[in-house]
Amino acid sequence: MTRTRRALLAAIPHALAGMALLRFRPAHAQASLPAPEFVRQVAIATMFGIESATLARQKSSSSAIKEYALRLAEDHAKAASSLRRIIARRSDIALPDRPDSRRLDLLRDLGSLDGTDFDKAYTDAQRSTHRELAQLLDSYARTGDDPELKSFAAETLPLFQSLDRKARQLAP
């Protein structure tokens, strides 16, 4: 393994931890999260999930990770579709058209890896992303200001909690 690749692998968990601090506020601070920001964060997380799952199905050396990625892509697509249906009826909230720069960078980093190096980075990313997304959905379901989005958060939360549990069980 090259020194650059080792440095990249070592940096990914730290980047994910930084994303957690910057992208998602603690549950007690999310009481005032505006609906457009909630939608933006969920949409970006689902796009990242789908795109990273595509990479996993191509690059992983683990059949368990490939199976997880298939389920993840299906579940994220369902959640994204449900969110799009809600937003399509409204003019006050717009969906982003691509992941944010941090997630694009992470996708680029994942794309440069293969085999067990990819598996470790991918499982770390999924553990972090699903834990954060579950926290976001839980917080909005309890304290959000938009009834339709609160309902979406409450209905979608178990799906992402399940993906979070399964990500924690994956061994790269």
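Keep in mind that what you see is a predicted model, and the values were worked out from it rather than measured.

A. Just the confidence of the model for the protein, in detail. Chain-level pLDDT for the protein is 86 on average; 81% of the residues reach the 70-or-more range. Here residues 17-30 scores under 50 on pLDDT; set against residues more than four positions off or in separate chains, the count is 27 contacts.

B. Main features of the packing of aromatic side chains. This structure, assessed with the given rule, holds three aromatic pairs. Between Phe38 and Tyr140, the ring centres sit 4.1 Å apart and the planes meet at 15°, which makes this aromatic pair stacked. A residue pair is termed long-range when its members are at least 10 positions apart, and Phe38 in helix H2 (residues 35-59) and Tyr140 in helix H5 (residues 115-143) qualify at 102 residues. The burial state of Phe38 is the same as that of Tyr140; both residues are buried. Summarising the aromatic geometry, the rings of Phe118 and Tyr122 are spaced 5.5 Å apart at their centres and angled 15° between planes, so their arrangement reads as stacked. With a gap of four residues between them, Phe118 and Tyr122 both fall in helix H5, about one helical turn apart. Under the relative-accessibility criterion, Phe118 is labelled buried at 0%. Through successive ring pairs, a cluster of aromatic residues spans Phe38, Tyr140 and Phe152. Over the ring of Phe48 we find Arg103; its NZ or CZ atom is 5.9 Å from the centre of that ring.

C. Representation of the nonpolar core within the structure. Phe38, Val42, Leu83, Leu110, Tyr122, Leu137 and Leu149 are the most contacted members of the largest nonpolar core, which has 44 residues in total. Residue assignment for this core shows that the elements contributing at least two residues are H2, helix H3 (63-88), helix H4 (101-111), H5 and helix H6 (147-169). Looking at which element gives the most residues to this core, the answer is H2, with 12 residues. Non-local contacts of Leu149, meaning those with residues more than four positions away in its chain, are made with Ala35, Phe38, Val39, Leu83, Ile86, Arg90, Ile93 and Tyr140.

Rules used in this analysis
Residues numbered from 1 in each chain as written. Predicted model: local features only at pLDDT ≥ 70, side-chain atom pairs only at ≥ 80, totals over all residues. Heavy atoms only, no water. pLDDT = per-residue confidence, 0-100. Contact = heavy atoms within 4.5 Å. Phe/Tyr/Trp six-rings, centres within 6.5 Å; stacked < 30°, edge-to-face > 60°. Helix = DSSP H or I, 4+ residues; strand = E, 2+ residues; numbered from the N terminus. Buried < 20%, exposed > 50% of the residue type's maximum accessible area, 1.4 Å probe, protein only. Lys NZ or Arg CZ within 6 Å of the ring centre and 35° of its normal. Core = buried A, V, L, I, M, F, W, Y, C linked by side-chain atoms within 4.5 Å.

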